[in-house]
Amino acid sequence: MSAILPPAERLWWKHPLDRVEGTWIAIALVWCLIMFAMMVGWHIYGSQNLSTETYKTTPEQYAKKAQAMVDKYTIRTETADNIPVVAPPPGSDVYLTARLWNFWPIIELEKDKTYRLHLSSMDYNHGFSLQPVNINIQIVPGYEHVVKVTPNKSGTYSIVCNEYCGINHHTMVSRLYVK
Ligand code: CUA
């Protein structure tokens, strides 16, 4: 028999299993199971992974909730575009809106307090990359992601859109204050 001719027995699962082959299959299977268990473990214990709750929404519904929060908790405006800076009370729901090509509003949180941060997009896919803590979440239109956040260090954090969203993608940046 040679490699260029088909084998006498064409059905591969009828070939006897070589010992080395069997060993590799067993190793691969055990590794798969370990990786599977680690996914669950990271989800529960990993500090690097944020587990988001996700709900269906529409841009109109989401914009309404974000607007209500901005109307209630704006403390000042910033930048040339007069973007409102909101400081919602600890424990409350905070809404960040992504759209071509900005984040709205600017959020100010208190250190060591827990918030429910909501993320949604008004148009296309955007990204929420929080630096320098390196948190990464996709912002998807039609869906509302909710992340529990407890900032443990005060300062000014950068928010960067890390999903390519068109000609001005590189200008889609914002900030988040922790007092
Ligand atoms: Cu939004 Cu890139």
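Structural notes, computed from the coordinates. (Residues numbered from 1 in each chain as written. Predicted model: local features only at pLDDT ≥ 70, side-chain atom pairs only at ≥ 80, totals over all residues. Heavy atoms only, no water.)

## Quick word on the overall build of the protein
On a plain count of helices and strands, the protein comes out with 2 helices and 12 strands. Secondary structure elements of the protein, listed N to C terminal, follow the sequence α-β-α-β-β-β-β-β-β-β-β-β-β-β. Projected onto its principal axes, the C-alpha coordinates of the protein cover approximately 80 × 35 × 30 Å. For the protein, buried positions account for 31% of its 179 residues. Taking contacts inside the protein between residues at least 6 apart in sequence as the whole, the part at least 24 apart equals 57%. About 11700 Å² of surface is accessible on the protein, with carbon and sulfur atoms providing 60% of the total. Distance between charge centroids for the protein: 3 Å, based on 16 positive and 15 negative side chains. (Helix = DSSP H or I, 4+ residues; strand = E, 2+ residues; numbered from the N terminus. Buried < 20%, exposed > 50% of the residue type's maximum accessible area, 1.4 Å probe, protein only. Contact = heavy atoms within 4.5 Å. Areas by Shrake-Rupley, 256 points an atom, 1.4 Å probe, with all protein chains shown as cover. Lys, Arg positive; Asp, Glu negative; His and termini not counted. Charge placed at Lys NZ, Arg CZ, Asp CG, Glu CD.)

## Observations regarding the side chain of Glu-108
Here Glu-108 lies in strand E6 (residues 106-109). Since its relative accessible area comes to 10%, Glu-108 is described here as buried. Excluding residues within four positions of it along the chain, Glu-108 makes contact with Ile-75, Arg-76, Val-85, Val-86, Ala-87, Pro-88, Tyr-177 and Lys-179.

## Considerations on the pattern of salt bridges
Within this structure, the stated rule accounts for 8 salt bridges. For Glu-78, the salt bridge identified is with Arg-175, shortest N-O distance 2.8 Å. Of this pair, Glu-78 sits in strand E2 (residues 74-78) while Arg-175 sits in strand E12 (residues 173-178), placing them 97 residues apart in sequence. Classification of Glu-78 as buried rests on a relative accessible area of 14%. (Salt bridge = Lys/Arg side-chain N within 4 Å of Asp/Glu carboxyl O.)

## Some thoughts on the sheet that holds strand E8 (residues 126-131)
The 7 strands lie next to each other as E2-E3-E6-E12-E11-E8-E9, forming an open sheet whose pairing is mixed. Each of the sheet's edge strands pairs with one partner strand only, and the pair in question is E2 and strand E9 (135-139). Taking the axes of each pair of neighbouring strands and ignoring which way they run, one obtains an average angle of 25 degrees across the sheet. Here 5 bridges tie E8 to E9, and the two strands are oriented antiparallel to one another. Pairing of His-126 across the sheet is with Ile-139, part of E9. Packed on one face of the sheet, helix H2 (residues 59-73) meets E2 and strand E3 (83-86) and runs near 75 degrees to E3. (Pairing = 2+ DSSP bridges. Axes fitted to C-alpha atoms, helices over the stretch in contact; angles between N-to-C directions.)

## Observations concerning the environment of Lys-72
Topologically, Lys-72 is positioned in helix H2. In sequence terms Lys-72 and Trp-104 are 32 residues apart; their C-alpha atoms lie 15 Å from each other.

## Some points on the pairing of E12
Consecutive residues of a regular strand have side chains that alternate between opposite faces of the sheet. When E6 meets E12, the two strands line up parallel, connected through 3 bridges. Bridge pairing in E12 links Ile-107 to Leu-176. The sheet contact formed by strand E11 (residues 155-160) and E12 spans 6 bridges and is antiparallel. Residue pairing across strands places Gly-155 opposite Val-178, the latter belonging to E12.

## Details of the sheet that holds strand E10 (residues 143-149)
Within a beta sheet, neighbouring strands are joined by backbone hydrogen bonds and run either parallel or antiparallel to one another. Judged by pairing direction, the sheet is mixed, and its 5 strands sit side by side in the order E1-E10-E7-E4-E5 without closing on themselves. One side of each edge strand has no neighbouring strand; the edge strands of this open sheet are strand E1 (53-56) and strand E5 (102-104). Put simply, the sheet's adjacent strands are angled 25 degrees from each other on average, direction ignored. Across the sheet, H2 touches strand E4 (93-99), E5, strand E7 (115-121) and E10, and the angle it forms with E4 is around 125 degrees.

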